[in-house]
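The chain contents come next:
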Amino acid sequence: MRIPMTPALSGPVSINLSVTGGATGSEKSGWLVESGTLLPTDPRPDADLELTISEPDLELICAREIRATVLFMQGRLKFSGDNHAGLVLLRCADDYVSK
């Protein structure tokens, strides 16, 4: 997935994604944004951005049924750390839903 380049994302940005409410409980995955590309990696204890979402809500985004910004405004998608990177990723997810 290509990520729009912004000053906050021009260098590597590490992301931990926690998905809650799945069949096996909570799962955490790691991601790295580097040169505008989203790459899977191991979760990092010092990640720049921590995202938390429930599995049903993540499925709604993937099915293009709801925008990530709506979930964020409702408190159903949370992030901490690099707020600018979080907002850029929200916009990318919204662009995905809009297509």
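Since the structure is predicted, the reported quantities are computational estimates derived from the model, not experimental observations.

Here's the deal with the nonpolar core
Step number 1: Counting residues in hydrophobic clusters, the biggest one holds 19 residues, and the most contacted among them are Ile 15, Leu 49, Ile 53 and Ile 61.
Step number 2: Where this core is concerned, the elements lending two or more residues are strand S1 (13–22), strand S4 (49–54), helix H2 (68–73), strand S5 (77–81) and helix H3 (83–98).
Step number 3: Ranked by residue count, the leading element in this core is H3, at five residues.
Step number 4: In contact with Leu 49, not counting residues within four places along its chain, are Ser 14, Ile 15, Asn 16, Phe 79, Ser 80, Asp 82, Ala 85, Gly 86 and Leu 89.

Quick look at the sheet that holds S5
Step number 1: Sheet architecture is open: five strands sit in the order S3-S2-S1-S4-S5, paired in mixed fashion. Two strands in the sheet have a free side with no partner beyond their single neighbour: strand S3 (37–41) and S5. With strand direction ignored, the average angle separating the axes of adjacent strands in the sheet is 25 degrees.
Step number 2: Pairing of S4 with S5, which is carried by five bridges, proceeds in the antiparallel orientation. If you follow Leu 49 over to S5, its bridge partner there is Gly 81.
Step number 3: Contacting S1 and S4, helix H1 (residues 55–62) crosses the sheet at an angle of about 95 degrees to S4.

Reading the values: rules and limits
- Residues numbered from 1 in each chain as written.
- Predicted model: local features only at pLDDT ≥ 70, side-chain atom pairs only at ≥ 80, totals over all residues.
- Heavy atoms only, no water.
- Core = buried A, V, L, I, M, F, W, Y, C linked by side-chain atoms within 4.5 Å.
- Buried < 20%, exposed > 50% of the residue type's maximum accessible area, 1.4 Å probe, protein only.
- Helix = DSSP H or I, 4+ residues; strand = E, 2+ residues; numbered from the N terminus.
- Contact = heavy atoms within 4.5 Å.
- Pairing = 2+ DSSP bridges.
- Axes fitted to C-alpha atoms, helices over the stretch in contact; angles between N-to-C directions.

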